[in-house]
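Coordinate analysis (summary)
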Amino acid sequence: MDRLISPWRYAYVTGPRAEGCAFCDAQRKPDGVENLIVLREPHAFLVLNMYPYNSGHCMVVPARHVVEPSELSAEESACVWGLVARTADVLRKPLGAEGVNVGVNLGRVSGGSIEHLHVHLVPRWQGDTNFMPITAGTKVLVELLRDTYARFTAAFGKPGA
Ligand SMILES: [Zn+2]
């Protein structure tokens, strides 16, 4: 008797369920260098990227778990894009970036690693000689994130971080 065998499908069906969402998990933690959330608004929050392309690389994320921009309500969309605009201003002025790359990756093939919709903001400097050099090594990265987090919270006028 023939049996239809689809091991990939079997793995899909019986494999571990999606292990949560990094952005939904981060929102459940207190804000600080552990979850890297700089500030929260009613429908969106600003979080530093744990593996930055450049120091100051951050993301604006809708509070609700959505995948496509079209899933956002008008109110949520206004909150997300309003925070993108505000963050871009902060990157430009207090943090002194000469330019900012703003981008959204939709779908895994586009380079998206976390399904939960997020807008990347990557500050740019001429020749990218920025306020802190990106250096290899986890220990340095943790210090970099700690320092960047403090700069962001100060720039947004958020005390006690
Ligand atoms: Zn999520």
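Look up: the structure comes first, before these words.
The paragraphs below set out a description of the structure included in this document. (Residues numbered from 1 in each chain as written. Predicted model: local features only at pLDDT ≥ 70, side-chain atom pairs only at ≥ 80, totals over all residues. Heavy atoms only, no water.)

By the secondary structure assignment, Gln27 is in helix H2 (residues 22-28). In this structure the side chain of Gln27 is engaged in a polar contact, spanning 2.9 Å, whose partner is the backbone oxygen of Ala63. (Helix = DSSP H or I, 4+ residues; strand = E, 2+ residues; numbered from the N terminus. Polar contact = N/O pair within 3.5 Å; in protein donor to acceptor, adjacent residues only side chain to side chain.)

We now examine the coordination of the zinc ion. Taken together, Cys21 (SG), Cys24 (SG), His65 (ND1) and His116 (ND1) make up the protein donors of the zinc ion, found 2.0 to 2.3 Å from the metal. Around the zinc ion, the four donor atoms are arranged such that angles at the metal cover 101 to 116°; this shape is classified as tetrahedral. Binding-site remark: the zinc ion is held by donors from one chain whose sequence spacing is C-x2-C-x40-H-x50-H. Taken as a pair, Cys21 in the loop between helix H1 (7-14) and H2 and His65 in the loop between strand S3 (58-62) and helix H3 (74-92) lie far apart in primary sequence, 44 residues in all. Under the relative-accessibility criterion, Cys21 is labelled buried at 10%. (Donors = N, O, S within 2.8 Å, 3.2 Å for Na, K, Ca; no water. Tetrahedral: all angles 85-135°; square planar, octahedral: opposite > 155°, others 65-115°. Buried < 20%, exposed > 50% of the residue type's maximum accessible area, 1.4 Å probe, protein only.)

A word on the nonpolar core. In terms of nonpolar packing, the biggest core is built from 38 residues, with Leu46, Val47, Val60 and Phe152 touching the most fellow members. When contributions to this core are tallied by element, the ones reaching two or more residues are H2, strand S1 (37-41), strand S2 (44-48), S3, H3, strand S5 (119-124) and helix H4 (138-155). The biggest single contributor to this core is H3, with seven residues. For Phe152, the residues in contact, after removing those within four places along its chain, are Val38, Leu46, Leu48, Gly56, Cys58, Leu91 and Leu95. (Core = buried A, V, L, I, M, F, W, Y, C linked by side-chain atoms within 4.5 Å. Contact = heavy atoms within 4.5 Å.)

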